[in-house]
Amino acid sequence: MGTIKIGLCGHGYWGQNLLRTFASDPRFDVVAVSDIREAAREKVRGTRAAIRLYEDAAELIEDPNIEAVAIATPAATHFSLARLALLRDKQVLVEKPMCTSLAEAKELVALAEKHRTTLMVDHTYLFHGAVRKLRQLRRKDALGAISYYDSLRVNLGLFQPDLNVLWDLGPHDFSIMDYLFDEDPLHVEATGYCHVTVHFASRTIAHFNLSWMSPVKVRRIAIGGSKRMVVWDDLNREEKLKIYDSGISFQQEEQRTHIMPSYRIGDIYSPRVSDCEPLVKVVAHFGNVIAGREPSIMDGRKALRVIDLLERAQSSLDSSLRTTAASRRAAQ
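This section reports on the structure supplied with the text. None of the values given here were measured: they were computed from a predicted structure. (Residues numbered from 1 in each chain as written. Predicted model: local features only at pLDDT ≥ 70, side-chain atom pairs only at ≥ 80, totals over all residues. Heavy atoms only, no water.)

Strands sit in the order 8-9-10-7-11-12-13-16 across an open sheet of 8 strands; the sheet is mixed. Two strands lie at the open edges of the sheet, namely strand 8 (185-191) and strand 16 (268-269), each paired on one side alone. Relative to strand 13 (residues 241-244), strand 12 (residues 229-233) is paired through 4 bridges, and the arrangement is antiparallel. Looking at strand 13, one finds that Val 231 is bridged to Lys 242. Against the sheet, helix 9 (residues 300-331) contacts strand 8 and strand 9 (195-200), and its axis sits at roughly 45 degrees relative to strand 8. (Pairing = 2+ DSSP bridges. Helix = DSSP H or I, 4+ residues; strand = E, 2+ residues; numbered from the N terminus. Contact = heavy atoms within 4.5 Å. Axes fitted to C-alpha atoms, helices over the stretch in contact; angles between N-to-C directions.)

Printed below as a string of structure tokens:
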């Protein structure tokens, strides 16, 4: 197929990155941009005069010359805009989270399948070199049986007006975890400001600490396996990934009267990780999926799993906060 004519809904922080990346990919021709802010439209006009500009994203989607749509508007608008685009047989890439409820996610997936159009969510980290390496290690069973997955994703701000920290940062970690494990959670717990614990049938326990109120920025994931352990520090430019040939083993229950673990401490090494910009790969993947050259690793059904986990975590968090508030009132 020829060059895909694409329109971009939203020219904010992430929309600007999408515009730059789509404009650099020969698979796409960016023909239109929409934004409700006049200053944002003027910024596009000043650098890309040939692009048609719209104030209303729905008007851009209705443009019959546009074949694909990238949606980078506030999360509350994702569902309505993606739904309209799918109804108009457009190929759709939507910024995370795909929408704000499981019911909305199911409707979008059903529409995409009915109209046989591409529905993809921009879970950019799935194309990060470190995540690709972790998946490779997992598929080769290089880590062994996974006992824990621990993620710390904190910083000071950026507060979102239409999303809490769970729905803003959680999609990153939940999509990575789902990509690595491909296992449905048995149980989800959430407490405090945003501490989420996920239990799996395989006995893996995943914990997430998400915060906008940390004085330092941290992006770190630790995975403990029976064969090896690995730490991904995304802010470490020199050694993003460290693999520890270390582990803990326990005696059989019938052979012990106390829990006496034995520790194995081996070498530490840092493999080379691709430094290609993940968003470049997201856009290339979108083009290849539309052309039928490869299956999507971030399609609507996979995004639906992330939304389901977000909704379950939110329900648990709400319940925990109500219990805490009741306990405080009783203590007064």
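So, about a negative patch on the surface. Together, Glu 38, Glu 55, Asp 56 and Glu 59 give the surface a local cluster of negative charge. Locating Glu 38 in the fold gives a position in helix 2 (residues 38-47). (Patch = residues over 30% accessible without salt bridge, like charges linked within 9 Å, V, L, I, M, F, W, Y side chains within 5 Å. Areas by Shrake-Rupley, 256 points an atom, 1.4 Å probe, with all protein chains shown as cover. Salt bridge = Lys/Arg side-chain N within 4 Å of Asp/Glu carboxyl O. Lys, Arg positive; Asp, Glu negative; His and termini not counted. Charge placed at Lys NZ, Arg CZ, Asp CG, Glu CD.)

Axis separation between helix 4 (residues 78-87) and helix 5 (residues 102-115) bottoms out at 9 Å; the angle between their running directions is 15 degrees. Overall, the two elements helix 4 and helix 5 adopt an arrangement that is roughly parallel. Considering how the two elements wind past one another, helix 4 and helix 5 form a crossing that is left-handed. Facing Phe 79, Ala 82, Arg 83, Leu 86 and Leu 87 of helix 4, the residues of helix 5 in contact are Glu 104, Glu 107, Leu 108, Leu 111, Ala 112 and His 115. Its residues assigned to classes, the contact of helix 4 with helix 5 shows 7 nonpolar, 1 polar and 3 charged. (Parallel < 35°, antiparallel > 145°, perpendicular 65-115°, else oblique. Left-handed = near helix turned anticlockwise from the far one by under 90°. Nonpolar A, V, L, I, M, F, W, Y, C, P; charged D, E, K, R; others polar.)

A few words now on the packing of helix 1 (residues 13-24) against helix 8 (residues 278-290). Orientation of helix 1 relative to helix 8, taken along the N-to-C sense of each, is 65 degrees, at an axis distance of 10 Å. Taken as a pair, helix 1 and helix 8 cross one another with a handedness that is right-handed. On helix 8, the residues that touch Trp 14, Asn 17, Leu 18, Thr 21 and Phe 22 of helix 1 are Leu 279, Val 280, Val 283 and Phe 286. Here the contact of helix 1 with helix 8 is built from residues that sort into 7 nonpolar, 2 polar and no charged.

This next bit is on the nonpolar core. Within the largest apolar cluster, 99 residues are counted, with the highest numbers of intra-cluster contacts made by Phe 22, Tyr 149 and Val 196. With 10 residues, the single largest contributor to this core is helix 7 (residues 165-181). Excluding its chain neighbours within four sequence positions, the residues that come into contact with Phe 22 are Ile 6, Phe 28, Val 30, Ala 70, Leu 93, Val 283 and Phe 286. (Core = buried A, V, L, I, M, F, W, Y, C linked by side-chain atoms within 4.5 Å. Buried < 20%, exposed > 50% of the residue type's maximum accessible area, 1.4 Å probe, protein only.)

This next bit is on empty space enclosed by the protein. A complete count under the given rule lists 2 cavities of 30 Å³ or more for this structure. By volume, the largest cavity is sized at about 60 Å³. Looking at the lining of the largest cavity, the elements with two or more residues in it are strand 7 (146-156) and strand 11 (213-225). Partitioned by chemical class, the residues of the lining of the largest cavity number 4 nonpolar, 1 polar and 5 charged. Of the pockets and cavities examined, the second largest cavity occupies roughly 30 Å³. Every residue lining the second largest cavity is listed: Leu 134, Arg 138, Leu 143, Leu 180, Phe 181 and Ile 223. Looking at the lining of the second largest cavity, the elements with two or more residues in it are helix 6 (129-139) and helix 7. (1 Å grid on protein atoms, 1.4 Å probe; cavity = no way out; pocket = protein on both sides within 12 Å on 5 of 7 lines; lining within 4 Å. Points joined across faces, edges and corners; volume = space filled by probe spheres on them.)

With that settled, consider the pattern of salt bridges. A full pass over the atoms with the stated rule returns 18 salt bridges. For Arg 27, the salt bridge identified is with Asp 25, shortest N-O distance 2.8 Å. Given a relative accessible area of 8%, Asp 25 falls into the buried group. Residue Arg 83 is joined to Glu 107 by a salt bridge in which the shortest nitrogen-to-oxygen separation is 2.7 Å. Of this pair, Arg 83 sits in helix 4 while Glu 107 sits in helix 5, and the two are 24 residues apart along the sequence. One network of salt bridges, in which partners are shared, links Asp 178, Asp 182, Asp 184 and Arg 305.

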